[in-house]
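Listed here are the chains, written in short residue letters.
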Amino acid sequence: MFLQRETIGRVELAFTDREGGFSDGPWGSLNLGTSNGDAPETVERNLAALADELGVDRLVRMTQVHAADVAWAGDIGEGEIPVADALLTDQPGVGVLVRVADCTPVVLVGLDEPVAAGVVHCGREGLVKGVVPAAVAAIRERGTESLEAWVGPRACGRCYELPEAMADAVAAVVPQARSTTSWGTPAIDVGAGVVAQLRALGIPVTDLGEHECTIEDERFFSYRRQGQDSGRFGAVAMITP
Ligand SMILES: [Zn+2]
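Residues numbered from 1 in each chain as written. Predicted model: local features only at pLDDT ≥ 70, side-chain atom pairs only at ≥ 80, totals over all residues. Heavy atoms only, no water.

Focus on the nonpolar core
So, point 1. In this structure, Val106, Leu108, Val120, Val132, Val194 and Leu198 are the most contacted members of the largest nonpolar core, which totals 36 residues.
So, point 2. Counting only elements with at least two residues in this core, the list comes to β5 (86-89), β7 (104-110), β8 (117-122), α3 (131-141), β9 (147-151), α4 (164-173) and α5 (190-200).
So, point 3. With six residues, α3 is the largest single contributor of residues to this core.
So, point 4. Not counting residues within four places of it along the chain, the set of residues in contact with Leu108 comprises Ala117, Gly118, Val120, Ala135, Val136, Ile139, Glu148, Ala149 and Leu198.
So, point 5. Within the second largest apolar cluster, 30 residues are counted, among which are Val11, Val60, Ala84 and Phe220. (Core = buried A, V, L, I, M, F, W, Y, C linked by side-chain atoms within 4.5 Å. Buried < 20%, exposed > 50% of the residue type's maximum accessible area, 1.4 Å probe, protein only. Helix = DSSP H or I, 4+ residues; strand = E, 2+ residues; numbered from the N terminus. Contact = heavy atoms within 4.5 Å.)

Re the pattern of salt bridges
So, point 1. The tally for this structure, following the rule as stated, stands at 12 salt bridges.
So, point 2. Of the charged contacts in the structure, one is a salt bridge between Arg154 and Asp207, with a shortest N-O distance of 2.7 Å. Note that Arg154 is positioned in the loop between β9 and α4 and Asp207 in strand β12 (residues 205-207), a separation of 53 residues in sequence.
So, point 3. Between Arg158 and Glu216 there is a salt bridge, and its shortest N-O distance comes to 3.7 Å. Placement of Arg158 in the loop between β9 and α4 and of Glu216 in the loop between β12 and α6 (223-226) is noted, with a sequence separation of 58 residues between them.
So, point 4. By sharing partners, the salt bridges in this structure join Glu212, Asp217 and Arg219 into a single network. (Salt bridge = Lys/Arg side-chain N within 4 Å of Asp/Glu carboxyl O.)

Considerations on the packing of α3 against α5
Any two packed helices are characterised by the angle at which their axes cross and by the distance between the axes.
So, point 1. Taken N-terminus to C-terminus, the directions of α3 and α5 make an angle of 30 degrees; their axes are 9 Å apart at the nearest point. The crossing of α3 and α5 is right-handed. Across the interface between the two elements, Val132, Pro133 and Val136 of α3 pack against Val194, Gln197 and Leu198 of α5.
So, point 2. Residues belonging to the contact of α3 with α5 are distributed by class as follows: five nonpolar, one polar and no charged. (Axes fitted to C-alpha atoms, helices over the stretch in contact; angles between N-to-C directions. Left-handed = near helix turned anticlockwise from the far one by under 90°. Nonpolar A, V, L, I, M, F, W, Y, C, P; charged D, E, K, R; others polar.)

Topic: the coordination of the zinc ion
So, point 1. Listed as protein donors to the zinc ion are Cys156 (SG), Cys159 (SG), Cys213 (SG) and Glu216 (OE); their distances from the metal cover 2.0 to 2.3 Å.
So, point 2. Here the zinc ion is ringed by four donor atoms whose angles at the metal span 101 to 120 degrees, and the overall shape comes out tetrahedral.
So, point 3. In terms of primary sequence, the donors binding the zinc ion are separated according to C-x2-C-x53-C-x2-E.
So, point 4. Classification of Cys213 by relative accessible area gives buried; the value is 4%. (Donors = N, O, S within 2.8 Å, 3.2 Å for Na, K, Ca; no water. Tetrahedral: all angles 85-135°; square planar, octahedral: opposite > 155°, others 65-115°.)

A look at the sheet that holds β7
So, point 1. Strand order in this open sheet of six strands is β4-β5-β8-β7-β9-β12, and the pairing throughout is mixed. Because the sheet does not close on itself, it has two edges, and the strands there are β4 (70-72) and β12. Adjacent strand axes in the sheet meet at a mean angle of 15 degrees, parallel and antiparallel pairs treated alike.
So, point 2. With three bridges joining them, β9 and β12 adopt parallel strand pairing. Paired with Val151 across the bridge in β12 is Asp207.
So, point 3. α3 contacts β4, β5, β7, β8 and β9 of the sheet and is inclined by roughly 165 degrees relative to β8.
So, point 4. Where α5 meets the sheet, it contacts β7, β8, β9 and β12, and its direction lies at approximately 20 degrees from that of β7. (Pairing = 2+ DSSP bridges.)

Considerations on α3
So, point 1. Listing the buried residues of α3 in full gives Val131, Val132, Ala135, Val136, Ala138 and Ile139. Down the axis of α3, the buried side of the element spans an arc of 160 degrees, and every buried residue falls inside it.
So, point 2. Backbone geometry just downstream of α3 places Gly143 in the positive-phi region, at approximately 110 degrees. (Arc of directions from axis to C-beta.)

Structure, rendered in structure tokens:
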């Protein structure tokens, strides 16, 4: 179920893999995605199993749209699912979930009072729009200055091929994301771009995905490898009660 689980101060974080769920086929087995063709009741079972294993009172998820909007879980009503690409929490026992298959999952951990934590979904568009810096700014606006970040598995810069004009447009905003595929064509490295954005904000990064690639490694779901109906793995952050 877990690629990694850590407790840092009062924040618990976890990155999932494909194991330990109830789905079959391209969603096998711990698919956390709800809009990829998997049976809704099976996905809810997977989400409940994850929440149970983590011991969260409530697991809040978001509808991710490759934008830079940030939501706080405390503002979300029971059963509501906000449209956002960053989901933050300052309430003990409330887990926030990001779901990915090739995009970059990020967990933000607040180290000083008031403790806050969050998850961010960042792909090519989110990198250009600055969703990770937007999430950091939202946490700092509430008074948490000192942060650290965990960055998870994603499509690597040797696999993420793009048309040259598109790769150039990304590199114009985040030069560190420029890359070349292993077969010599234009590419971007979203993870490297995210790490650069975080370091520019003075945030130490633990990069779990530096040597992992969702396209190459079948422990993870991958949109580019599996197509439209690939499952989604994810990351969760929560403040301990
Ligand atoms: Zn790769």
